[in-house]
Amino acid sequence: MFGRRPAVVGQSRRQEAAAQGPNLLRRSWARLAFGLLLGLVLGAGSSLWATAQELPAGQQLVPNPQQFRALEQPSNALSVLRAEQLAAEADAAIQAQNYDQAIQLLQQVFDAYNQRSNYHQDLSRAFAGIQNRISEEQRELARVAAQARDQAAYDLAVVYRAAGRPEEAVGWLIQVIKSQTPTRELGTQAYQQLLEIGFVSTPFP
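Residues numbered from 1 in each chain as written. Predicted model: local features only at pLDDT ≥ 70, side-chain atom pairs only at ≥ 80, totals over all residues. Heavy atoms only, no water.

A. Geometry of the nonpolar core. Counting 31 residues, the largest nonpolar core has W172 and L173 as the members making the most contacts within it. When contributions to this core are tallied by element, the ones reaching two or more residues are α4 (80–95), α5 (99–127), α6 (132–162), α7 (170–180) and α8 (185–197). For L173, the residues in contact, after removing those within four places along its chain, are Y154, A157, A190, Q193, L194 and I197. (Core = buried A, V, L, I, M, F, W, Y, C linked by side-chain atoms within 4.5 Å. Buried < 20%, exposed > 50% of the residue type's maximum accessible area, 1.4 Å probe, protein only. Helix = DSSP H or I, 4+ residues; strand = E, 2+ residues; numbered from the N terminus. Contact = heavy atoms within 4.5 Å.)

B. Spatial organisation of α5. For α5, spanning 29 residues, the distance from its first C-alpha to its last is 42 Å, which sits close to the expected 42 Å at 1.5 Å a residue. Considered for burial, the residues of α5 that qualify are A102, I103, L105, L106, V109, F110, A112, Y113, R116, S117, H120 and S124. Those residues of α5 that are buried are in contact with α4, α6 and α7. Downstream of α5 by a residue or two, G129 has a phi angle that is positive, lying close to 80°. (Expected span 1.5 Å × (residues − 1).)

C. Seen up close, the environment of Y154. Examined against the element boundaries, Y154 turns out to sit in helix α6. Residues Y154 and Q175 lie 21 residues apart in sequence; the distance between their C-alpha atoms is 8.8 Å. Once residues within four sequence positions are removed from consideration, Y154 is found in contact with L173, V176, L186, Q189, A190 and Q193.

D. View of the pattern of salt bridges. Per the stated rule, a full pass over the model turns up 5 salt bridges. E140 is paired through a salt bridge with R143; the nearest N and O atoms lie 2.8 Å apart. Taken together, the positions of E140 and R143, both in helix α6 and 3 residues apart, correspond to about one turn of that helix. R149 is paired through a salt bridge with D150; the nearest N and O atoms lie 3.0 Å apart. (Salt bridge = Lys/Arg side-chain N within 4 Å of Asp/Glu carboxyl O.)

E. Fine view of the packing of α5 against α6. The interhelical angle for the contact between α5 and α6, taken along N-to-C directions, is 160°, at an axis separation of 7 Å. It follows from the interaxial angle that α5 and α6 lie roughly antiparallel. Relative to α6, the crossing made by α5 is left-handed. Tallied by class, the residues present in the contact of α5 with α6 amount to 21 nonpolar, 9 polar and 4 charged. (Axes fitted to C-alpha atoms, helices over the stretch in contact; angles between N-to-C directions. Parallel < 35°, antiparallel > 145°, perpendicular 65-115°, else oblique. Left-handed = near helix turned anticlockwise from the far one by under 90°. Nonpolar A, V, L, I, M, F, W, Y, C, P; charged D, E, K, R; others polar.)

F. View of the side chain of S124. Take S124: it is sitting in helix α5. For S124, a relative accessible area of 7% translates into the label buried. What S124 contacts, discounting residues up to four positions off in sequence, is S135, Q138 and R139.

Below, the structure written as structure tokens:
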């Protein structure tokens, strides 16, 4: 549900460049220029890392290595793991008929997946025609997040019905139908919910 030791990498590459110094003279000027540029980039990265390590706590330019994949940690609001935990807590609240708590939890699940879906979709559009592999990957991540978002919206509607508040379920059900289309399973189920609460009158096969 997307570098860690630039100082070490930079040192290793500089050592390799020094060891191959005589051979560089026999290469084309284009390759030599590229090698120099790469060395400057790596050297700048190493300097930045060293500077960050020397700064007082709270003033580091680069976070510590354990924070690099922060969005994959369950404590982060955008983390898929966090959304899954919230969904599990919502299921437990539903089983206990604590519908108010379940609604609050499912709203958080919806918000997390909705934001992820929008962000991935924006990235997919940004890379379209530039790097199709990244664009397609981001489009698939957006689709997966949107599916989880729509499931959370459907679950919210069902919980509102169970809580005796069917009028608050209507908007969520319509959103699911718009996103999923009426012909997909979740969209069909959402329309059936609207039929059962009396918002629509014509059955959809």
